[in-house]
Amino acid sequence: MFENVFGQTGVIKALSTELSSKAAPGSRLFSGPAYSAKLTTALELARIASCLGNGDWTCNCEACKRSKSLVNPDVVIIGRKLIPEEFACGLDLFERQPGLASRYFLCRSIRKILKRFEPELYMNESGKLQNIYQLANPLFEYSETILDESVSKETILKEGKKLIPLFTKLVQAIPKDIPIFLIRAVEAIAHESPWGKHRTIIIEHADHMQEPAMNALLKILEEPPKTISFILTTRNINALLPTVRSRLRTYTFLSRNTLQLSAIYQKIFRLDNHTEPLDQFFNSFSLEYDVNIEIYAEQFVKSIIANEKNFDVTGLKEHITDQASLRLFIEYMLKHAVKIASDTDKSSFSKLQNLISICRENMKKLELFNISPGIILETMLFQVL
Ligand SMILES: [Zn+2]
């Protein structure tokens with residue numbers, strides 16, 4: 001059990017003890033920084049809970065087979081996905097090391113997104129999101145061919161690269177804050193009998209939730225049926241309501257040290273001599289859309305209005321690596337500034353106006369003159385901070 005989770009020995013020990021003593025809580029909270037294996041651990045725990053055998057990693061029961069390829073109906077995932085590069089990274093891994101392990105990595109990177117578009121989650125949503133699962137069909141079919149070992153490496157790579165824009169579109173379609181209709185859908189799912197032995201509902205980035213949704217979730221967490229467990233994950237535990245936190249058993253995931261990172265690169269990505277932080281590694285596969293840039297843009301606008309000086313400039317600079325990413329950052333700032341301009345007070349409004357004109361001016365510089373993105377970013381930060 002938990003063979004695919006690297007490091008996090010404290011959490012794994014606590015979970016293993018609970019499992020062996022049959023003292024597992026119904027609802028858990030995995031708290032910790034980005035890339036600390038919270039989702040991997042949650043998925044492994046879900047696999048163990050639904051396993052019809054003894055729960056071993058090598059178990060080949062029907063539930064485990066489905067869990068490993070992420071098509072087990074007893075594993076439900078909602079919430080944002082902040083690592084969209086995993087798909088491109090999976091293609092790279094498969095290109096370098098074609099084999100069953102990399103086929104699974106690639107397939108799971110897609111299904112982690114597809115899981116969030118299961119029809120039962122969108123049944124009561126009349127908006128455009130309802131049709132998104134149909135849109136995702138080519139990706140689902142593709143994910144099936146990945147696991148078919150008779151399909152050649154070349155075909156998988158060629159088809160995969162073609163599907164990156166569709167994948168990006170899906171990632172973008174995931175609601176940024178978990179809306180109440182998703183929690184209601186989860187509530188309905190929680191009251192159905194599981195497909196197999198036990199159902200696990202994973203809510204990623206649970207701190208990104210609208211208040212009515214949070215309150216609705218609170219009610220389900222009060223008395224979840226015995227055949228259901230919840231795992232919430234968060235990078236920002238303080239943003240969760242204390243009432244929600246009090247219903248969950250918390251597990252703290254730690255940042256990786258160099259030794260652990262090196263093991264992850266070797267064992268998962270088959271790369272020697274790598275110890276850089278995982279976000280840096282994943283960003284090197286950055287697709288056109290980098291969800292982090294949108295978050296930075298929004299935070300940036302907010303901190304300007306609030307006159308806060310604690311904006312994470314270093315983090316931002318790591319994400320702005322080229323012209324495309326800088327353009328994206330400016331576009332998102334403009335979009336957000338315009339969106340909130342209509343309901344802000346007078347003094348904030350003038351700050352927004354100033355920001356909007358600085359954005360436009362620098363966008364022009366970016367498009368018309370051959371100035372390095374780094375210099376433009378520095379100028380912008382100097383102008384507004
Ligand atoms: Zn099993």
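Calculation criteria
- Residues numbered from 1 in each chain as written.
- Predicted model: local features only at pLDDT ≥ 70, side-chain atom pairs only at ≥ 80, totals over all residues.
- Domains from an automatic or database assignment.
- Pairing = 2+ DSSP bridges.
- Helix = DSSP H or I, 4+ residues; strand = E, 2+ residues; numbered from the N terminus.
- Axes fitted to C-alpha atoms, helices over the stretch in contact; angles between N-to-C directions.
- Core = buried A, V, L, I, M, F, W, Y, C linked by C-beta atoms within 7 Å.
- Buried ≥ 20, exposed ≤ 12 C-beta atoms within 10 Å, placed from the backbone.
- Contact = placed C-beta atoms within 7 Å.

## Points about the domain arrangement of the chain
In step 1: Splitting the chain by domain gives domain 1 (9-252) and domain 2 (290-384).
In step 2: Using C-alpha coordinates to define each centre, domain 1 is positioned 32 Å away from domain 2.

## Some remarks on the sheet that holds strand β2 (residues 75-79)
In step 1: Pairing in this open sheet of five strands is parallel, and the strands run β2-β3-β4-β1-β5 from one edge to the other. The open sheet has two free edges, formed respectively by β2 and β5 (249-252), since each of these has just one partner strand. Adjacent strand axes in the sheet meet at a mean angle of 20 degrees when their direction is disregarded.
In step 2: The sheet contact formed by strand β3 (residues 199-204) and strand β4 (residues 228-234) spans five bridges and is parallel. By the bridge assignment for β4, Arg 199 is matched with Ile 228.

## A look at the nonpolar core
In a soluble, globular protein the nonpolar side chains are often hidden away together inside.
In step 1: In this structure, Val 76, Ile 78, Val 186, Ile 201 and Ile 202 are the most contacted members of the largest nonpolar core, which totals 43 residues.
In step 2: Per-element tally for this core: the top contributor is helix α2 (residues 38-50), with six residues.
In step 3: For Ile 202, the contacting residues outside a window of four places in its chain are Ala 42, Ala 46, Val 76, Ile 77 and Ile 231.
In step 4: Grouped together as the second largest cluster of nonpolar side chains are 26 residues, Cys 89, Ile 146, Leu 170 and Ile 174 included.

## With respect to unusual backbone geometry
In step 1: A positive phi is found at Arg 270, a non-glycine position, where the angle reads about 55 degrees.
In step 2: Along the chain, Arg 270 falls in the loop between α13 (258-267) and α14 (278-283).
In step 3: Given 13 C-beta atoms within a 10 Å radius, Arg 270 is considered partly exposed.
In step 4: Positive phi, normally seen in glycine, also occurs at Asn 273, with a value near 60 degrees.
In step 5: With respect to the helices and strands, Asn 273 occurs in the loop between α13 and α14.

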